[in-house]
Amino acid sequence: LAKTTQPISMDSYEGQEVNITCSHNNIATNDYITWYQQFPSQGPRFIIQGYKTKVTNEVASLFIPADRKSSTLSLPRVSLSDTAVYYCLVGEVGGGNKLTFGTGTQLKVEL
Amino acid sequence: DAGVIQSPRHEVTEMGQEVTLRCKPISGHDYLFWYRQTMMRGLELLIYFNNNVPIDDSGMPEDRFSAKMPNASFSTLKIQPSEPRDSAVYFCASSLGGGGAPGETQYFGPGTRLLVL
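So, here is what we can say about the structure in this document.

The rules behind the values
- Each chain has its residues counted from 1, following the order in which its sequence is written.
- Naming scheme: in the order in which they are written, chains are lettered from A and ligands are numbered from 1.
- Owing to the predicted nature of the model, reporting of local features is limited to residues with pLDDT of at least 70; listing and counting of side-chain atom pairs is limited to 80 or more, with chain, interface and lining totals taken over all residues.
- The basis for every side-chain value is the complete set of non-hydrogen atoms in the structure, without hydrogens or water.
- Working definition: helices are DSSP H or I runs of at least four residues, strands are E runs of at least two. Numbering for both runs from the N terminus.
- Only C-alpha atoms enter the radius of gyration, while the globule expectation follows 2.2 Å times N to the 0.38, with N the number of residues.
- Between buried and exposed lies partly exposed: a residue is buried under 20% and exposed over 50% of the maximum accessible area for its type, with that area taken using a 1.4 Å probe on protein chains only.
- Any two residues whose heavy atoms approach within 4.5 Å are treated as being in contact.
- Note that accessible areas follow from Shrake-Rupley with a 1.4 Å probe, and for residues the cover is restricted to the protein chains shown.
- Only four residue types enter the charge count, namely Lys and Arg as positive and Asp and Glu as negative; His and the chain termini do not.
- Every charge is mapped to an atom, namely NZ of Lys, CZ of Arg, CG of Asp or CD of Glu.
- Like-charged residues are merged into a patch within 9 Å and nonpolar side chains (Val, Leu, Ile, Met, Phe, Trp, Tyr) within 5 Å, provided each residue has over 30% relative accessible area and no salt bridge.
- By convention in these notes, a salt bridge is any Lys or Arg side-chain nitrogen within 4 Å of a carboxyl oxygen on Asp or Glu.
- Our working definition of a disulfide is a cysteine sulfur pair at a distance within 2.5 Å.
- Between any two strands, pairing holds if DSSP finds at least two bridges.
- Lines fitted to C-alpha atoms define the axes, with helix axes restricted to the stretch in contact, and inter-axis angles between N-to-C directions lie between 0 and 180 degrees.

## Concerning the overall build of chain B
Inference 1: Regarding its fold elements, chain B presents 0 helices and 11 strands.
Inference 2: Moving toward the C terminus, one meets the helices and strands of chain B in the order β-β-β-β-β-β-β-β-β-β-β.
Inference 3: At 13 Å, chain B has a C-alpha radius of gyration in line with the 13 Å of a compact globule built from 117 residues.
Inference 4: C-alpha extents for chain B along the principal axes are approximately 40 × 25 × 25 Å.
Inference 5: Classification of the 117 residues of chain B by burial places 50% in the buried group.
Inference 6: A separation of at least 24 residues holds for 55% of the contacts in chain B among residues at least 6 apart in sequence.
Inference 7: Element-wise, carbon and sulfur atoms account for 52% of the exposed surface of chain B, whose accessible area totals about 5500 Å².
Inference 8: Both charge centroids of chain B, one from 10 positive and one from 13 negative side chains, sit 5 Å from each other.

Here is the structure:
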């Protein structure tokens with residue numbers, strides 16, 4: 001299983017762009033990169049997933065360099081409601097492969 | 001679909017008592033995961049099932065923990081006897097696949113907050 005490393009915490013202000021980087025140096029060829037978001041007293045929720053280059057959806061973008069040893073979750077123009085813990089995971093294609101959630105990155109957004 | 005359903009939402013018990021947590025996965029999902037979350041250790045995978053069969057229970061802390069999935073719509077996590085250090089939030093999640101690739105998103109339940117006194 002590929003291990004991931006993220007910053008423990010980040011602070012930002014409303015309206016700013018936030019970039020959270022995750023390191024996964026031993027990512028395997030078949031691994032995808034997935035980010036989850038967790039609010040207090042709730043279970044994690046899927047945000048975005050990618051394999052290489054860039055992926056964008058309605059809430060975030062995911063940047064993955066060519067060597068895939070890291071990835072960056074980008075949240076454009078954050079608001080107070082984006083205050084949460086963000087987890088980076090890597091997982092293999094196909095079923096039966098468990099994912100490992102690390103301690104995540106606590107993002108705090110202030111006015 | 002109502003999503004992943006867990007019960008109870010809160011449980012307070014005394015040390016030594018048996019605790020049973022319940023989970024109903026999303027219909028059609030063939031993977032079910034049990035996680036435990038604490039401030040100290042974060043979110044830990046305890047065990048997961050594929051088509052009702054336990055695949056990997058290496059995360060189960062010790063013999064006091066056991067999990068079953070008698071059918072595709074129900075799973076239990078049991079702690080017997082419970083200890084104060086078992087106090088945590090226990091999440092159940094389900095997915096169509098193993099959770100690592102497109103289409104295999106894990107959907108989490110609201111969790112059960114367990115306090116063992």
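That was the structure; now back to the text.
## Let's talk about the overall build of chain A
Inference 1: Helices and strands together make up the secondary structure of chain A, namely 0 helices and 9 strands.
Inference 2: Helices (α) and strands (β) of chain A occur, in sequence order from the N terminus, as β-β-β-β-β-β-β-β-β.
Inference 3: For 111 residues, the compact-globule estimate of 2.2 N^0.38 gives 13 Å, and the C-alpha radius of gyration of chain A, at 13 Å, lies within 12% of that figure.
Inference 4: Burial analysis of chain A (111 residues in total) assigns 44% to the buried set.
Inference 5: Here the analysis covers contacts within chain A between residues at least 6 apart in sequence; of these, 55% occur between residues at least 24 apart.
Inference 6: Approximately 5600 Å² of chain A is accessible, and the part contributed by carbon and sulfur atoms is 50%.

## Section: a nonpolar patch on the surface
Residue and element names in this part refer to chain B.
Inference 1: A cluster of nonpolar residues, Val12, Leu115 and Leu117, forms a patch on the protein surface that exposes about 290 Å² of accessible area.
Inference 2: In this fold, Leu115 is placed in strand β11 (residues 112-116).
Inference 3: Overall, Leu115 belongs to the partly exposed group, its relative accessible area being 40%.

## Here we look at the state of the cysteines
Residue and element names in this part refer to chain B.
Inference 1: Under the defined criterion, the tally for this structure stands at 2 disulfides over all chains.
Inference 2: A sulfur-sulfur separation of 1.9 Å characterises the disulfide bridge that pairs Cys23 with Cys92. Residues Cys23 and Cys92 are joined through a disulfide that is left-handed, its torsion about the S-S bond being -65 degrees. Placement of the pair is Cys23 in strand β3 (residues 19-24) and Cys92 in strand β9 (residues 88-95), with a sequence separation of 69 residues. Exposure class is identical for Cys23 and Cys92. Each is buried.

## Some remarks on the sheet that holds strand β6 (residues 61-64) of chain A
Residue and element names in this part refer to chain A.
Inference 1: The 4 strands are arranged β2-β7-β6-β5 in an open sheet whose pairing can be described as antiparallel. Bordering the open sheet on either side are β2 (18-23) and β5 (53-56), each of which pairs with just one other strand. Here the strands of the sheet are splayed against their neighbours by 15 degrees on average, with no regard to which way each runs.
Inference 2: As judged from the 6 bridges shared by β2 and strand β7 (residues 70-75), these two strands associate in the antiparallel manner. From the neighbouring strand, Ile20 faces β7, where its bridge partner is Leu73.

## Points about the pairing of strand β4 (residues 45-50) of chain A
Residues and elements named next belong to chain A.
Inference 1: Summarising the sheet, strand β3 (residues 31-38) and β4 pair through 5 bridges and their orientation is antiparallel. Residue pairing in the sheet places Ile33 in a bridge with Gly50 of β4.
Inference 2: Between β3 and β4, which pair antiparallel one after the other, the connecting turn spans 6 residues, and Ser41 there sits at a positive phi close to 65 degrees.

## Structural notes on the sheet that holds strand β8 (residues 74-79) of chain B
Residues and elements named next belong to chain B.
Inference 1: Reading across from one edge, β1-β3-β8-β7 is the order of the 4 strands in this open sheet, with antiparallel pairing throughout. Bordering the open sheet on either side are β1 (5-7) and β7 (65-71), each of which pairs with just one other strand. Mean inter-strand twist for the sheet, computed between neighbouring axes without regard to direction, equals 15 degrees.
Inference 2: Across 5 bridges, the pairing between β7 and β8 is antiparallel. Bridged to Ala67 within β8 is Leu77.

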